[in-house]
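# Structural overview for review
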Protein chains: 4
Amino acid sequence: MRVAINCDLGEGFGRWDLGPDAELMELITAANIACGLHAGDPPRMSATVRLAAEKGVGIGAHPSYPDLQGFGRRYMDMPPEEVRDFVTYQVGALQAFARAHGAKVEHVKAHGALYNRAADDEATARAIVEGALQANPDLVIVVLAGSRFEEVARQMGARVASETFADRGYDARGRLLSRRLPGAIVHDPDVVAERVWTMVSEGRVQAVTGEWVPVKADTICVHGDSPGAVAMLRGLRQSLLDKGVELVTIGQMV
Amino acid sequence: MRVAINCDLGEGFGRWDLGPDAELMELITAANIACGLHAGDPPRMSATVRLAAEKGVGIGAHPSYPDLQGFGRRYMDMPPEEVRDFVTYQVGALQAFARAHGAKVEHVKAHGALYNRAADDEATARAIVEGALQANPDLVIVVLAGSRFEEVARQMGARVASETFADRGYDARGRLLSRRLPGAIVHDPDVVAERVWTMVSEGRVQAVTGEWVPVKADTICVHGDSPGAVAMLRGLRQSLLDKGVELVTIGQMV
Amino acid sequence: MRVAINCDLGEGFGRWDLGPDAELMELITAANIACGLHAGDPPRMSATVRLAAEKGVGIGAHPSYPDLQGFGRRYMDMPPEEVRDFVTYQVGALQAFARAHGAKVEHVKAHGALYNRAADDEATARAIVEGALQANPDLVIVVLAGSRFEEVARQMGARVASETFADRGYDARGRLLSRRLPGAIVHDPDVVAERVWTMVSEGRVQAVTGEWVPVKADTICVHGDSPGAVAMLRGLRQSLLDKGVELVTIGQMV
Amino acid sequence: MRVAINCDLGEGFGRWDLGPDAELMELITAANIACGLHAGDPPRMSATVRLAAEKGVGIGAHPSYPDLQGFGRRYMDMPPEEVRDFVTYQVGALQAFARAHGAKVEHVKAHGALYNRAADDEATARAIVEGALQANPDLVIVVLAGSRFEEVARQMGARVASETFADRGYDARGRLLSRRLPGAIVHDPDVVAERVWTMVSEGRVQAVTGEWVPVKADTICVHGDSPGAVAMLRGLRQSLLDKGVELVTIGQMV
């Protein structure tokens, strides 16, 4: 059994830092690195890529709508051709830093509102895939497991990694529960580790309403910016290793 | 005899266009394409790269200080490491659009205040070269002929194209005359064509004070945004062709 | 009979100009001046305000979603409290330039996607009104005649100017026809002048489907950036003056 | 004896926070509030102004060069007229939030590289003063005590508050020691309190080389973003109160 643990990194900007990047980099196998449009700037991108390369962590681009003040968290009504080109731009910039440090960008994971929109909107899903593959046809596209985005990306013939969330509640259709609902966030580290183990070993997750829903867990997303994030991640990682799960990069996974 | 004719293109942004790009693209052999930080945005970069590729025009990145409102024309006191990474970022973004259209970025020409600073400041010159070569060690660096920038870039072992200006006056040291001084701009198309011919065939230019100054003219810079620009460029191009000068891309030149 | 003729001005940015502002300023009575977030920058805002003050043109703020690359034309999913504060920010900045030139901001007209959203979305409409009145409770809010925005603004007790469009087709409900449909744009200057005269004198407009729809025309919007804009505006203005319509600022109108 | 204690606040942006604003606001009498161009955004400006108004802290604008990624810390070669208009823009935006919360902007303190440049460069000093007074001729301009900026602002007839630094070393000419030199930062809270007491009560400060230098201390600048900042500020504040110094806003001071 194998899985990639991915986390968003490099999400400061200029004077502002965000999250314990150095600690997280020791624990994950895939870094989604901000590319300047919701967070990240050239010196920070370079430093984050270098650190990932040193630690053997798989390097991924984390493109966003162009919205620094909103941190890429609000939907913007852009035509798909523009979304595509904004993705290409961001992936290309990160690729140059990967080359600078003797590494390669392996995967692309859309950020925030762009990722959320792609889950349900075919035009956006297609634009992200096209934008990434324009920059390099070998890139792996990270998609929400079970979403329209997953279907579209697979139909387009891209390499695809299906993603599940370590600490998020699911509904009976296999979609993430809105953060406003009870059960949306799983706080207990042991429960998180148990759920992830079930996702990886059995390919399913239990919805808040009790049903078991099939999920494809090529990669598990963890969040780095909540208070107990590092401790939870450390526990999750150790638990998976103890059970004999091999932790790999996203490029190695698919 | 051979020379590359280069021009800045793709310098609109969003709603705003600038310059007759389509007409210019028919007449030049090397396009310096804005990369988003002084002008240019992803859709525009993609369209400009595609047009250059279709016309066989050599594709160059035109990186700038991050200053959209100032169009990259004002000096910013950035540390050299930041300059380097901002150059890498912009070159990388353009490289992705080149790949998208089956082409390659051949050269890098710094824009505006960044180019001017590099002419005299070794740290800036070095940062630009490092930033470009991080993205691809084969890139040709465009430098002001006779400048400190030229020396630094050659010492660093980069492929270098020395640049002269078709319509600008020179002083006796071979530097461009400040735009505030009389003789700074050459307006007569015939005089422009004659001066360029002398630069290309004899490797020298006459200063406003009468002296002849040696210049290496691997590439001639023309400006596209003045009223008579297209006509002057058309005349210059025809005059060079009539004299048997081969017009090549910057990548073919050096 | 009285009416205000309003037009968007100051919509360049940095190196980029847009539209014949100086000519337009001679013909209109109310200027909606870009405030930096879709277009406009401080020197340009100052110059545009000064010109309006010199010509006796009423000064209005033209706030937008924060989206320079998209020129404020794409919807952004911002919470209403953020919309409110972004409006206050932009109005406040323009007020300072008005004071600098011994003038006052009279009205606020939301730009592009923000204006369009407010026509149908009560939360956005309310946020714009609150944001403007935070900066000055005497400001006149410009609203699409017959829209939800108009209702909300009037219920909130604001001074309100209802706006109609000189060169746009209407449907039978009194809404602007989508630009994609035939009849969306009226090109004939005589027809434009006739339609506006009917709006002003009879308070109604004929829909593309033939019905007559009541409209309150406190102010007529003209566009400055199409090829024949200045000529059409000159004709419209003269036609209104010939018929004895008094042309006033938006602050004088309501 | 009276003095104002000022501190930079509201210097986060979007997703990023910076500094313990709420704690600092309890201890200072004058807040320099970021206006969006080096930090700060509309919702944050509104919240910071409201908090200052509630606590009776004097509200000041903290305008900067337009450089979010560089946090306004790098010199930009802008013409003075542009500096002036960028200052007016930022002050105006903050004034609108002050009005929204029933308060007034009392003072203007330039940020970072803009402040540093003004200390020695008359054109920049003059541009800041003009930009502020355009927005409101009653505003107090905060200047480095003993600088060219102070001279210029006083000659221009503005209300001026001379500023000294609680935790910075001075040279024999009364200028701040470069942060790269030993003695540039005073770390001992007791020494800081003692130095400030001497500035306030005797109008002088001891240089690192031993000389006593006269300084006018209308207001003391404290920094909020270093680890022991709140504790040092609490000690300083108490020490001044114990000695009978009245703590006032900058508007009350001059």
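Residues numbered from 1 in each chain as written. Chains lettered and ligands numbered in written order. Predicted model: local features only at pLDDT ≥ 70, side-chain atom pairs only at ≥ 80, totals over all residues. Heavy atoms only, no water.

## Notes on the overall build of chain A
On a plain count of helices and strands, chain A comes out with nine helices and 10 strands. Computed over the C-alpha atoms, the radius of gyration of chain A is 17 Å, within 12% of the 18 Å expected from 2.2 N^0.38 for a compact globule of 254 residues. Each principal axis of the C-alpha atoms in chain A carries an extent, and together these give about 45 × 35 × 35 Å. Counting every position in chain A, which comprises 254 residues, the buried fraction comes to 61%. Long-range pairs, those at least 24 residues apart, make up 72% of the contacts in chain A between residues at least 6 apart in sequence. Taken as a whole, chain A presents about 9,200 Å² of accessible surface, with 49% of it coming from carbon and sulfur. Taken together, the 27 basic and 33 acidic charged side chains of chain A have centroids lying 1 Å from each other. (Helix = DSSP H or I, 4+ residues; strand = E, 2+ residues; numbered from the N terminus. Rg over C-alpha atoms; globule rule 2.2 N^0.38 Å. Buried < 20%, exposed > 50% of the residue type's maximum accessible area, 1.4 Å probe, protein only. Contact = heavy atoms within 4.5 Å. Areas by Shrake-Rupley, 256 points an atom, 1.4 Å probe, with all protein chains shown as cover. Lys, Arg positive; Asp, Glu negative; His and termini not counted. Charge placed at Lys NZ, Arg CZ, Asp CG, Glu CD.)

## Side note on the interface of chain A and chain B
If you look at the interface, chain A gives 21 residues, while chain B gives 21 residues. Buried surface at the junction of chain A and chain B, summed over both partners, amounts to about 1,700 Å²; 65% is from carbon and sulfur atoms. When residues of chain A are sorted by the area they lose upon contact with chain B, Pro 42, Tyr 89 and Arg 99 of chain A head the list and together hold 33% of the total. If you look at where chain A meets chain B, you find zero salt bridges. There are six residue pairs in polar contact (both at pLDDT 80 or more) connecting chain A and chain B. Counting residues per element, the ones that place at least two in the side of chain A that touches chain B are helix H2 (42-55), helix H3 (80-100) and helix H5 (122-135) of chain A. Here the side of chain A that touches chain B gets 12 residues from one element, more than from any other, and that element is H3 of chain A. Its residues assigned to classes, the side of chain A that touches chain B shows 12 nonpolar, six polar and three charged. (Buried area = accessible area lost by both parts, 1.4 Å probe. Salt bridge = Lys/Arg side-chain N within 4 Å of Asp/Glu carboxyl O. Polar contact = N/O pair within 3.5 Å; in protein donor to acceptor, adjacent residues only side chain to side chain. Nonpolar A, V, L, I, M, F, W, Y, C, P; charged D, E, K, R; others polar.)

## A look at the packing of aromatic side chains
For any pair of aromatic rings, the description consists of the separation of the ring centres together with the inter-plane angle of the planes. Enumeration according to the criterion identifies 24 aromatic pairs over all chains in this entry. Between Trp 16 of chain A and Phe 71 of chain D the ring centres are 5.8 Å apart and the planes differ by 85°, which places this aromatic pair in the edge-to-face class. Of this pair, Trp 16 of chain A sits in the loop between strand S1 (2-9) and helix H1 (21-25) while Phe 71 of chain D sits in the loop between strand S3 (58-62) and helix H3 (80-100), which puts the two residues in different chains. Among the residues examined, Trp 16 of chain A registers a relative accessible area of 0% and is labelled buried. Measuring from centroid to centroid gives 6.4 Å for Tyr 115 of chain C and Phe 149 of chain C, while their planes differ by 75°, and the two rings are edge-to-face. You can see Tyr 115 of chain C sitting in helix H4 (residues 112-120) and its partner Phe 149 of chain C sitting in helix H6 (residues 148-155), a full 34 residues away along the chain. For Tyr 115 of chain C, a relative accessible area of 6% gives the class buried. Here Phe 149 of chain C falls in the buried class, since its relative accessible area comes to 1%. (Phe/Tyr/Trp six-rings, centres within 6.5 Å; stacked < 30°, edge-to-face > 60°.)

## So, the relation of the copies chain A and chain C
If you rotate chain A by 180° and push it 0.0 Å along the axis, it lands on chain C with an RMSD of 0.0 Å. Between the two chains, the operation in question is that of a two-fold axis. Residue Met 76 of chain A of chain A places its C-alpha closer to the rotation axis than any other residue of that unit, at 2.3 Å. Most of the interface of chain A is mirrored in chain C, where 100% of its interface residues are also at the interface. (Least-squares fit on C-alpha atoms with pLDDT ≥ 70 in both.)

## Here's the deal with the interface of chain A and chain C
If you look at the interface, chain A gives 10 residues, while chain C gives 10 residues. Per-residue buried area on chain A facing chain C is highest for Arg 74, Tyr 75 and Met 76 of chain A; these three make up 54% of the total on that side. There are two salt bridges connecting chain A and chain C. Between Glu 82 of chain A and Arg 74 of chain C there is a salt bridge whose closest N-O contact spans 3.2 Å. Our count for the contact surface shared by chain A and chain C stands at four residue pairs in polar contact (both at pLDDT 80 or more). Split into classes, the residues belonging to the side of chain A that touches chain C amount to five nonpolar, one polar and four charged.

## Topic: empty space enclosed by the protein
Residue and element names in this part refer to chain A. Under the defined criterion, the tally for this structure stands at four cavities of 30 Å³ or more. Roughly 70 Å³ of volume is contained in the second largest cavity. What lines the second largest cavity is Ala 166, Asp 167, Val 192, Cys 221, Val 222, His 223, Ser 226, Ala 229, Met 232, Leu 233 and Leu 236. Residue contributions to the lining of the second largest cavity peak at four residues, all from helix H8 (residues 229-242). Of the residues in the lining of the second largest cavity, the class split is eight nonpolar, two polar and one charged. (1 Å grid on protein atoms, 1.4 Å probe; cavity = no way out; pocket = protein on both sides within 12 Å on 5 of 7 lines; lining within 4 Å. Points joined across faces, edges and corners; volume = space filled by probe spheres on them.)

## A look at the side chain of Asp 218 of chain A
All names here are of chain A. Here Asp 218 lies in the loop between strand S8 (212-214) and strand S9 (219-222). Overall, the relative accessible area of 6% leaves Asp 218 in the buried class. A distance of 2.8 Å separates a polar side-chain atom of Asp 218 from the backbone nitrogen of Ser 162. Within the local environment of Asp 218, its side chain forms a polar contact with the side chain of Lys 216, the two groups lying 2.8 Å apart.

## Considerations on the pattern of salt bridges
Under the defined criterion, the tally for this structure stands at 67 salt bridges over all chains. Here Asp 17 of chain D makes a salt bridge to Arg 44 of chain D, at a shortest N to O gap of 3.0 Å. Of the two residues, Asp 17 of chain D sits in the loop between strand S1 (2-9) and helix H1 (21-25) while Arg 44 of chain D sits in helix H2 (residues 42-55), which places them 27 residues apart along the sequence. Since its relative accessible area comes to 60%, Asp 17 of chain D is described here as exposed. Ionic pairing is found between Lys 109 of chain D and Glu 163 of chain D, a salt bridge with its closest N-O pair at 2.7 Å. Taken together, the residues Lys 109 of chain D in the loop between strand S4 (105-108) and helix H4 (112-120) and Glu 163 of chain D in strand S6 (residues 159-165) connect sequence positions 54 residues apart. In this structure, a network of salt bridges that share partners links the residues Glu 122, Arg 126, Arg 148 and Glu 151 of chain A.

## Quick look at a positive patch on the surface
A cluster of basic side chains, namely Arg 99 and Lys 104 of chain A together with Arg 99 and Lys 104 of chain B, defines a positive patch on the protein surface. Tracing the backbone shows Arg 99 of chain B in helix H3 (residues 80-100). Since its relative accessible area comes to 33%, Arg 99 of chain B is described here as partly exposed. (Patch = residues over 30% accessible without salt bridge, like charges linked within 9 Å, V, L, I, M, F, W, Y side chains within 5 Å.)

## Points about the packing of helix H7 (residues 189-202) of chain B against helix H8 (residues 229-242) of chain B
Residues and elements named next belong to chain B. The geometry of H7 relative to H8 is characterised by a closest axis approach of 9 Å and an angle of 40° between their N-to-C directions. In terms of their interaxial angle, H7 and H8 are classed as oblique. The interaxial crossing formed by H7 with H8 has right-handed handedness. Together, Pro 189, Val 192, Ala 193, Val 196 and Trp 197 of H7 and Met 232, Leu 236, Ser 239 and Leu 240 of H8 make up the contact between the two elements. Here the contact of H7 with H8 is built from residues that sort into eight nonpolar, one polar and no charged. (Axes fitted to C-alpha atoms, helices over the stretch in contact; angles between N-to-C directions. Parallel < 35°, antiparallel > 145°, perpendicular 65-115°, else oblique. Left-handed = near helix turned anticlockwise from the far one by under 90°.)

## Some thoughts on the nonpolar core
Of all hydrophobic cores here, the largest spans 321 residues; its most connected members are Ile 28 of chain A, Ile 28 of chain B, Ile 28 of chain C together with Ile 28 of chain D. Contact partners of Ile 28 of chain B, with chain neighbours within four places excluded, come to Ile 5, Cys 7, Leu 9, Val 57, Val 222, Leu 233 and Arg 237 of chain B. (Core = buried A, V, L, I, M, F, W, Y, C linked by side-chain atoms within 4.5 Å.)

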